[in-house]
Amino acid sequence: MKNNTTSLRQSAQNVLRALNHVILGKEKVTAELMAAMAAGGHVLLEDVPGVGKTTLALALSRVFGLDCRRMQFTPDVLPSDLTGFSVYRRDVQDFVYQPGAVLTNIFMADEINRTSPKTQSALLEVMEEGQVTVDGITRQVPVPFFVVATQNPYGAAGTQMLPPAQIDRFMISMTMGYPDFESELEMAKGVSAGRRTEGLSVLMTREELLAVQQEVNEIYIHDAVYEYILRLIRATREHPHIEMGASPRGTAALVKMSRACAWLRGRDYVSPEDVSGQFLHVAAHRIQLNTKAVMEQIRREQVLGQILKTVKRPVPVREK
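Residues numbered from 1 in each chain as written. Predicted model: local features only at pLDDT ≥ 70, side-chain atom pairs only at ≥ 80, totals over all residues. Heavy atoms only, no water.

Let us now look at the overall build of the protein chain. Secondary structure summary: the protein chain contains 15 helices and 11 strands in total. In terms of overall dimensions, the protein chain is globule-like: its C-alpha atoms have a radius of gyration of 20 Å, near the 20 Å expected for 320 residues. Dimensions of the protein chain, computed from C-alpha atoms along their principal axes, come out at roughly 70 × 50 × 45 Å. A burial count over the protein chain gives 49% of its 320 residues as buried. (Helix = DSSP H or I, 4+ residues; strand = E, 2+ residues; numbered from the N terminus. Rg over C-alpha atoms; globule rule 2.2 N^0.38 Å. Buried < 20%, exposed > 50% of the residue type's maximum accessible area, 1.4 Å probe, protein only.)

As a further point, take unusual backbone geometry. In the segment running from Val143 into Pro144, the intervening peptide bond is cis, with an omega of 0 degrees. Relative to the helices and strands, Pro144 resides in the loop between β7 (137-140) and β8 (146-151). At Gln297, a position not held by glycine, the phi torsion is positive, near 55 degrees. Residue placement: Gln297 occurs in the loop between α14 (291-295) and α15 (300-310).

On to the side chain of Gln213, then. In this structure, Gln213 sits in helix α10 (residues 206-217). Of the polar contacts made by the side chain of Gln213, one reaches the backbone oxygen of Met37; its length is 3.0 Å. (Polar contact = N/O pair within 3.5 Å; in protein donor to acceptor, adjacent residues only side chain to side chain.)

Our next topic: the environment of Ile287. Note that Ile287 resides in the loop between α13 (272-283) and β11 (288-289). For Ile287, a relative accessible area of 4% puts it in the buried group. Spatially, the C-alpha atoms of Ile287 and Gln120 are 19 Å apart, while their sequence positions differ by 167 residues.

Honestly, it's all geometry; don't read function into it.
Structural data, given as structure tokens:
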């Protein structure tokens, strides 16, 4: 079992190296995305266009040998484009189901907040339950299944805010940001990102990824660390600048991401540092600042940073 774990961790490191060869200067982003896949969660990327979000999703599909589909969420996209629909075929004299875009392993939802709320809500069932229901018939999506969604900055032309019920289903959110000077210079001199992506090979199979997810679920968490997780989440519900705090689903997400982080770091237990390192990614998109915070131009990251400083961190303990 130990040798198998070592082999899986080595494969994960090979995946990260390959992703970092395609997406230059974003080692923290690729590590966070790898952790989310190990935890079995969906990812929301909040960023401006053109920083490599779609390229990153395509690179993921290649290194894992998974099927990947991308959809541009324009205002005219319909729910049936996602979930599929039934069409009558005269040759069989019956309605035949035509699979939608989400029937894949990695679904890239580009600019998700540009489409209508009705289409956005079509993702709710598939993100939470891993299934779609069309004409009263429920169909399972392939396993594993991940949604990597991007959204434009709030207030941009043609955007509509995601409803809290949907945004809560993303395990983490993060921002890629612009590359640093050296990385962008290397991109300008080197081969295009598309050609770098074409050179990728499968470095971790579907079965190995599922095995990683199983091992992550078995990572040990001490009761003191569980309590630390809960105190952080509950602090978001009591902070004077927060209108709506993180939900219990946020608690579960922080547990899973902390386990994945510990596994990638080569440990079989979660430390308080694993929790604090994932807190912003898990909680940032789940909180809503109140009017006072907005008027004072206080950012979500500032509020969550205050919570991390005020909530007492437990002394690292590993007991079984």
